[in-house]
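So the chains spell out like this:
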Amino acid sequence: SINVKATSFDLGGEGWGYHDNSPSNEGGNFRTGEGVDTENDGNNIGHTNDGEWLNYTIHCAVEGDYDVAVEVASPNDNAGPVHFELDGGNVTGAITLANTTDWQKYAMFRGTMHIPAGKHILRFVWERANANMRGYTFTRKN
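Bear in mind that the values here come from a model prediction, so they are computed numbers and not experimental data.

Counting its regular elements, the chain contains zero helices and eleven strands. N-terminal to C-terminal, the α/β element order of the chain is β-β-β-β-β-β-β-β-β-β-β. Taking 14 Å as the expected radius of gyration for a compact globule of 142 residues, we find that the chain reaches 14 Å, a close match to that expectation. Taken along its principal axes, the extent of the C-alpha atoms in the chain is 40 × 35 × 25 Å. A burial count over the chain gives 49% of its 142 residues as buried.

Quick look at the structure:
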């Protein structure tokens with residue numbers, strides 16, 4: 001499996017590496033020159049808003065179907081859904097989130113996607129936010 005830390009999003013700034021609705025890093029203690037709201041010394045993304053996204057350049061060695069587990073925390077019943085896009089197309093559909101009772105009590109929420117071999121831009125999208133995200137893990141199914 002492949003683990004990706006949320007705060008390892010691509011360089012390039014607003015509109016390229018990410019889209020964040022506020023220009024400043026509201027968490028303010030990791031990658032402080034970027035507008036993404038990082039918290040806890042880069043342990044997670046917080047202060048999320050609807051429509052925000054993060055890009056990650058990935059290289060897939062073996063084409064296949066992958067399970068993706070997103071590590072999210074929220075004390076809210078109205079957090080999510082989220083989805084992943086690969087090279088501009090939604091490849092997971094909506095991944096439903098649930099109330100985990102605390103901003104730092106994380107749980108895994110799962111989806112599946114097909115990834116062709118090669119280099120790709122993977123985008124994590126908050127359809128509806130109101131949650132923290134620590135990262136995600138891909139595990140090849142076949």
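What follows picks up the thread again.
Turning our attention to the pairing of strand 7 (residues 82-86). Moving residue by residue along a regular strand, the side chains alternate between the two faces of the sheet. Within strand 7, five of the five residues are buried, which leaves it mostly tucked inside the rest of the structure. Neither face of strand 7 is left uncovered, since the one carrying Val82, Phe84 and Leu86 and the one carrying His83 and Glu85 both have all their residues buried. What sits between strand 7 and strand 8 (residues 89-90) in their antiparallel hairpin is a turn of two residues, with Asp87 showing a positive phi close to 50°.

Time to look at unusual backbone geometry. In this chain, Gly80 is followed by Pro81 through a cis amide linkage whose omega measures 15°. Its location among the elements puts Pro81 in the loop between strand 6 (64-73) and strand 7. Positive phi is not limited to glycine here, since Asp41 has a value of about 55°. In this fold, Asp41 is placed in the loop between strand 3 (38-39) and strand 4 (44-45).

So, how was this worked out
- Residues numbered from 1 in each chain as written.
- Predicted model: local features only at pLDDT ≥ 70, side-chain atom pairs only at ≥ 80, totals over all residues.
- Heavy atoms only, no water.
- Helix = DSSP H or I, 4+ residues; strand = E, 2+ residues; numbered from the N terminus.
- Rg over C-alpha atoms; globule rule 2.2 N^0.38 Å.
- Buried < 20%, exposed > 50% of the residue type's maximum accessible area, 1.4 Å probe, protein only.
- Pairing = 2+ DSSP bridges.

Remember that the coordinates give geometry; whether it matters functionally is a separate question.
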